[in-house]
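# Fold and contact review
Below, each chain spelled out in residue letters.
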Amino acid sequence: MPDRRPPLPPFTAETALEKVRAAEDAWNSRDPERVALAYTEDSEWRNRDLFLTGRAEIVAFLRAKWRRELGYRLRKELWAYGDDRIAVRFEYEWHDTTGQWYRSYGNENWEFAPDGLMRRRFASINDVPIAEDERRVAVGPPRPTA
């Protein structure tokens with residue numbers, strides 16, 4: 001099965017954390033095609049006030065996002081997990097074309113298909129302007145291993 005994406009549900013604390021770290025690594029690549037491969041062909045998203053369906057819409061969204069959100073760097077933290085669901089908290093930092101930095105905070109709820117691909121992603125996100133010297137995601141200590 002070419003689209004299989006281990007670890008597969010049902011999740012344990014260890015496999016849920018592995019899923020979160022894989023998502024963080026993929027998003028930090030800023031490669032829309034790579035990121036989209038973690039989602040089912042018909043994946044449903046709510047991202048802030050946008051509703052997307054399918055990989056093509058996800059790729060288009062991410063291309064536009066990373067043209068607008070420059071210097072993007074993300075950290076995700078496992079919040080909770082169940083059989084086929086994972087909840088994460090996250091923060092990421094980025095700047096716009098004027099050089100204004102932002103820290104974006106949010107929560108995501110993920111639901112997975114049996115093959116380990118994400119079929120639903122619901123994200124709530126808020127942006128806070130910060131000074132460049134307040135950055136901590138890309139310049140802070142390495143993420144914890146547990």
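For the structure itself, consult the block above.
Below, the structure is looked at part by part. Keep in mind that this is a model prediction, so the values were computed, not measured.

About the cut-offs
- Residues numbered from 1 in each chain as written.
- Predicted model: local features only at pLDDT ≥ 70, side-chain atom pairs only at ≥ 80, totals over all residues.
- Heavy atoms only, no water.
- Helix = DSSP H or I, 4+ residues; strand = E, 2+ residues; numbered from the N terminus.
- Expected span 1.5 Å × (residues − 1).
- Buried < 20%, exposed > 50% of the residue type's maximum accessible area, 1.4 Å probe, protein only.
- Arc of directions from axis to C-beta.
- Contact = heavy atoms within 4.5 Å.
- Core = buried A, V, L, I, M, F, W, Y, C linked by side-chain atoms within 4.5 Å.
- Pairing = 2+ DSSP bridges.
- Salt bridge = Lys/Arg side-chain N within 4 Å of Asp/Glu carboxyl O.

Let's shift gears to helix α3 (residues 55–68). Under the 1.5 Å per step criterion, the end-to-end length of α3 is 20 Å for 14 residues, consistent within 8% with the ideal 20 Å. All of the buried residues along α3 are Arg 55, Ile 58, Val 59, Phe 61, Leu 62, Lys 65 and Trp 66. Seen end-on, α3 carries its buried residues on one side only, within an arc spanning 165 degrees. Exposed residues pointing more than 90 degrees away from the buried face of α3 are listed as Ala 56 and Arg 67. Those residues of α3 that are buried lie in contact with α1 (13–29), α2 (32–36), β1 (39–47), β2 (50–53), β3 (70–81) and β4 (85–95).

What follows is about the nonpolar core. One broad rule of soluble globular proteins: the nonpolar side chains tend to lie buried together. With 29 residues, the main nonpolar core has Trp 27, Trp 45, Leu 62, Ile 86 and Trp 110 as its most contacted residues. The set of elements that each furnish at least two residues to this core consists of α1, α2, β1, α3, β3, β4, β5 (101–112) and β6 (118–130). With residues near it in sequence (within four places) discarded, Trp 27 still touches Val 35, Tyr 39, Trp 45, Leu 62, Lys 65, Trp 66, Tyr 72, Leu 74 and Arg 121.

This part takes up the pairing of β3. Where β3 and β4 come together, 9 bridges link them in antiparallel fashion. Paired with Tyr 81 across the strands is Ile 86, a residue of β4. Adjacent in sequence and paired antiparallel, β3 and β4 are bridged by 3 residues.

Here we take up the pattern of salt bridges. According to the stated counting rule, one finds 16 salt bridges in the structure shown. For Arg 48, the salt bridge is made with Asp 127, and the minimal N-O distance between the two is 2.8 Å. With Arg 48 in the loop between β1 and β2 and Asp 127 in strand β6, this pair connects stretches of sequence that are 79 residues apart. Given the relative accessible area of 26%, Arg 48 is considered partly exposed. A salt bridge links Glu 111 to Arg 120, with the nearest nitrogen and oxygen atoms 2.5 Å apart. A residue is classified by how much of its surface remains accessible, and Glu 111, at 10% relative accessible area, is buried. Overall, the relative accessible area of 28% leaves Arg 120 in the partly exposed class. One connected set of salt bridges, linked through shared partners, spans Glu 44, Asp 84, Arg 85, Glu 111, Arg 119 and Arg 120.

Scope: geometric values only; no functional claims are made or implied.
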